[in-house]
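# Architecture and fold: a report
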Amino acid sequence: MGGPPALFVDHLENGHTNGCLLKSQDTSVQIGDRSFVIGGSHEENPLFLGVQIHDKITNKWSSPTVLGTGPMPCKAYSAIVLKQGRILVIKKDSASDDSIWFLEVDSPFVREQRKLLGTEVVAWSKGVRGNAEKPIVISGPSGVGKGTLITMLMKEFPSMFGFSVSHTTRSPRCMEKNGVHYHFTEKNVMEKEINDGKFLEFASVHGNLYGTSIESVEVVTDSGKRCILDIDVQGARSVKASSLDAMFIFVCPPSMKELEDRLRARGTETEEQIQKRLRNAEAEIRAGKSSGIFGHILYNDNLEECYKSLKDLLGINDDAPVNGLEAVEGINLPKEHTATKMEDKILIQETGEATKNNMIVLDLSSINGGAPGRTRGIGLDTVNSS
């Protein structure tokens, strides 16, 4: 057998260590000289599960900075140490879409954040069955036609692609609905979540914050669609620096003369506005071509041909435009169970009087992604334990 199943923290000085009171349902795992104690509520957000760290050498407790969106507290947990500085946390007696979580305590992402923040850091990610296509970041100067290309794509393949819902701190306008047009939030809340690494990109516009959260992109992916992000080069740079694995496409005009003609043909802007857009476009094109952000550059000199090139990049066959993705399914676990690690598999056996012979096997050999988004690629099988 591999790593140990859940260890409960009653052995830590009968629930007291250096003034920290532990509860019997808290779960602890030992990694080196540190115990990671999982249970209760997060001190800054009571809706999320709490994490504390006990150092055996100094006999001191610390409350780490917790990044990502964590699970809600429940009555009991199993916790198993995995490779790459991760702890698998299985919530007992929980909903199927809320049962599998990963706590990263020494992953590359956590080490980077620890260095940046200068404090102890852990990070949560939800475990998800199966894999997903990469989100698509599309950038380009105003008037280049990227909005038209995206509209064509959404119209032809409405079940394949979707937009994330952005966050903003401004007040809703007439007919705007929370969660549909924007996620409307308070400035101090959004600033806190930005500091916690929950946003891919953000900007301040006229005193209000606007941004794209990692969770809003993951929700689109969970629905079985491929998320499209229509953002500028600066936003794309932020996404590139994040943990999100995306495809980056930059759309260029055939020439600045052609771009100017398109802007003038709109008939919606003054001469001053046109000149400002042209100056911004030149700077954005230079940045788009030289930044190393974009793996693909399209030239929109002919809309239909550019659209075909976009579809080719995305691997869409005109004869068989099949998404090949399904909405994320939950993982139904027994209310009472034991969990054991065997190499890259987790064996979950139901316990209790009405125990069945079936055992659930979680295959973690192909997991990918991670905090502060989703950990995808979990395989699921049921075998007869006898």
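The shown structure was predicted, so the numbers you read here are calculated from the model rather than taken from an experiment.

What counts as what
Residues numbered from 1 in each chain as written. Predicted model: local features only at pLDDT ≥ 70, side-chain atom pairs only at ≥ 80, totals over all residues. Heavy atoms only, no water. Helix = DSSP H or I, 4+ residues; strand = E, 2+ residues; numbered from the N terminus. Buried < 20%, exposed > 50% of the residue type's maximum accessible area, 1.4 Å probe, protein only. Areas by Shrake-Rupley, 256 points an atom, 1.4 Å probe, with all protein chains shown as cover. pLDDT = per-residue confidence, 0-100. Contact = heavy atoms within 4.5 Å. Pairing = 2+ DSSP bridges. Axes fitted to C-alpha atoms, helices over the stretch in contact; angles between N-to-C directions. Salt bridge = Lys/Arg side-chain N within 4 Å of Asp/Glu carboxyl O.

Scanning the protein from terminus to terminus reveals eight helices and 26 strands. When each of the 386 residues of the protein is scored for burial, the buried share is 45%. Counting every atom, the protein has about 19,700 Å² of accessible surface; 49% of that belongs to carbon and sulfur.

So, about the confidence of the model for the protein. Residues at a pLDDT of 70 or more form 87% of the protein, whose mean pLDDT is 83. Confidence drops under a pLDDT of 50 for residues 1-24, and excluding neighbours within four residues, the segment shows 50 contacts in the predicted structure.

Moving on, we get to the sheet that holds strand E21 (residues 296-299). Spatially, the five strands line up as an open sheet ordered E14-E19-E13-E20-E21, and their pairing is parallel. Of all the strands in the sheet, the pair left with one neighbour each is strand E14 (161-163) and E21. Taken over all neighbouring pairs, the strand axes of this sheet differ in orientation by 30° on average, direction set aside. Summarising the sheet, strand E13 (residues 136-139) and strand E19 (residues 226-230) pair through three bridges and their orientation is parallel. Within E19, the residue paired with Ile-138 across the bridge is Asp-230. Against the sheet, helix H7 (residues 271-290) makes contact with strand E20 (247-252) and E21, and its axis sits at roughly 140° relative to E20, the strand it touches most.

Moving on, we get to the environment of Ser-243. With respect to the secondary-structure elements, Ser-243 resides in the loop between helix H5 (233-241) and E20. The class of Ser-243 is partly exposed, set by a relative accessible area of 37%. The spacing of Ser-243 and Gly-197 is 46 residues in sequence and 9.8 Å in space, taken between C-alpha atoms. Here Ser-243 is in contact with Ile-214, Ala-371 and Pro-372, once residues within four sequence places are set aside.

Here we come to the pattern of salt bridges. For the coordinates displayed, the defined rule picks out 20 salt bridges. A salt bridge links Asp-106 to Arg-114; the nearest nitrogen and oxygen atoms lie 3.5 Å apart. Take Arg-114: its relative accessible area is 23%, and that puts it in the partly exposed class. Between Lys-192 and Asp-196 there is a salt bridge, with the nearest N and O atoms lying 2.4 Å from each other. Residue Lys-192 is classed as partly exposed on the basis of its relative accessible area of 34%. Overall, Asp-196 belongs to the buried group, its relative accessible area being 10%. Sharing partners across several salt bridges, the network here consists of Arg-34, Asp-106, Arg-111, Arg-114 and Glu-120.

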